[in-house]
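# Tertiary structure, described
Take a look at the letters that make up each chain.
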Amino acid sequence: MVIAEIKKIESSPKKLREFGFVVGGVLCAIGILSFWRGKGSFPYFLAPGIILVITGAVIPSILKPVQKAWMTLALLMGWVMTRVFLSVLFYLAITPVGLLLRLMGKDLLDERLEPQKQSYWKLRPQTSRAPADCEKQY
């Protein structure tokens, strides 16, 4: 599934130019901010940023392997972080609620088996429906 998404990464000249401007612009902004704050690491951000912006403006086709690698890394990080986020959500939110409901003896889905019952079918009261009731169902 992730491999199919990686194969679908668009590398048209327009997309390559956008990649050069956006990523290069962000790197330039980080480099300028680092320079303004007196950090010694500003050339490590500013130089690649300038190179990406200039290359994106002049010859965007050179950026194709860089863009492919960057977008592949972004897709892989998104795939991993989705699973991490959903796992954290499940174990920190849903599991405690479920355990608490079990401790309180709640059965919200009415799944408790009762052998003495003849049927688990729930009869609803008969109500007459007008055709207008079917027009806006939600």
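Residues numbered from 1 in each chain as written. Predicted model: local features only at pLDDT ≥ 70, side-chain atom pairs only at ≥ 80, totals over all residues. Heavy atoms only, no water.

## Quick word on the packing of aromatic side chains
- This structure, assessed with the given rule, holds three aromatic pairs.
- Judged by centre distance (4.9 Å) and plane angle (70°), the rings of F35 and F42 are edge-to-face.
- Residue class for F35 comes out exposed when judged on its relative accessible area of 54%.
- Judged by relative accessible area, F42 falls into the partly exposed class, the value being 24%. (Phe/Tyr/Trp six-rings, centres within 6.5 Å; stacked < 30°, edge-to-face > 60°. Buried < 20%, exposed > 50% of the residue type's maximum accessible area, 1.4 Å probe, protein only.)

## Quick notes on the side chain of S11
- Along the chain, S11 turns up in the loop between α1 (2–7) and α2 (13–36).
- A polar atom in the side chain of S11 sits 2.8 Å from the side chain of Q67.
- Not counting the four nearest positions on each side in its chain, S11 is found in contact with L16, K64, Q67 and K68. (Helix = DSSP H or I, 4+ residues; strand = E, 2+ residues; numbered from the N terminus. Polar contact = N/O pair within 3.5 Å; in protein donor to acceptor, adjacent residues only side chain to side chain. Contact = heavy atoms within 4.5 Å.)

## Re the packing of α2 against helix α4 (residues 64–103)
- As a packed pair, α2 and α4 sit with axes 10 Å apart at the nearest point and diverge in direction by 70°. In terms of orientation, α2 lies roughly perpendicular with respect to α4. Two packed elements cross with a definite hand, and for α2 against α4 that hand is left-handed. Residues L16, F19 and V23 of α2 form the contact with α4, whose own contacting residues are K64, V66, Q67 and W70.
- The class makeup of the residues in the contact of α2 with α4 is five nonpolar, one polar and one charged. (Axes fitted to C-alpha atoms, helices over the stretch in contact; angles between N-to-C directions. Parallel < 35°, antiparallel > 145°, perpendicular 65-115°, else oblique. Left-handed = near helix turned anticlockwise from the far one by under 90°. Nonpolar A, V, L, I, M, F, W, Y, C, P; charged D, E, K, R; others polar.)

## Here's the deal with the packing of α2 against helix α3 (residues 42–58)
- Viewed as axis vectors pointing N to C, α2 and α3 meet at an angle of 155°, and their least axial separation amounts to 7 Å. By the criterion of interaxial angle, the relationship of α2 to α3 is roughly antiparallel. As α2 packs across α3, the resulting crossing turns out to be left-handed.
- Residues of the contact of α2 with α3, tallied by class, amount to 16 nonpolar, seven polar and one charged.

## Description of unusual backbone geometry
- Positive phi, normally seen in glycine, also occurs at D110, with a value near 55°.
- With respect to the helices, strands and loops of the structure, D110 is situated in the segment after α4.
- Classification of D110 by relative accessible area gives partly exposed; the value is 41%.

## Looking at the nonpolar core
- Counting residues in each nonpolar core, the largest one holds five residues, listed as F19, V23, L27, L52 and L63.
- In terms of residue count, α2 provides more of this core than any other element does, three residues in total.
- What V23 contacts, discounting residues up to four positions off in sequence, is L52 and W70. (Core = buried A, V, L, I, M, F, W, Y, C linked by side-chain atoms within 4.5 Å.)

## Some details on α4
- If you check α4, its first and last C-alpha atoms are 57 Å apart, about what 40 residues at 1.5 Å a residue would give, namely 58 Å.
- Maximal helix bending in α4 amounts to about 35°, located at F90.
- Positioned one or two residues after α4, G105 has a phi angle of 80°, which is positive. (Expected span 1.5 Å × (residues − 1). Bend = angle between axes of the 7 residues up to and from the residue.)

## Considerations on the pattern of salt bridges
- Counted under the stated rule, the structure contains one salt bridge.
- K122 is the salt-bridge partner of D110, the closest N and O atoms lying 2.6 Å from each other. In this pair, D110 sits in the segment after α4 while K122 sits in the segment after α4, placing the two residues twelve residues apart along the sequence.
- By relative accessible area, K122 is classed as exposed at 55%. (Salt bridge = Lys/Arg side-chain N within 4 Å of Asp/Glu carboxyl O.)

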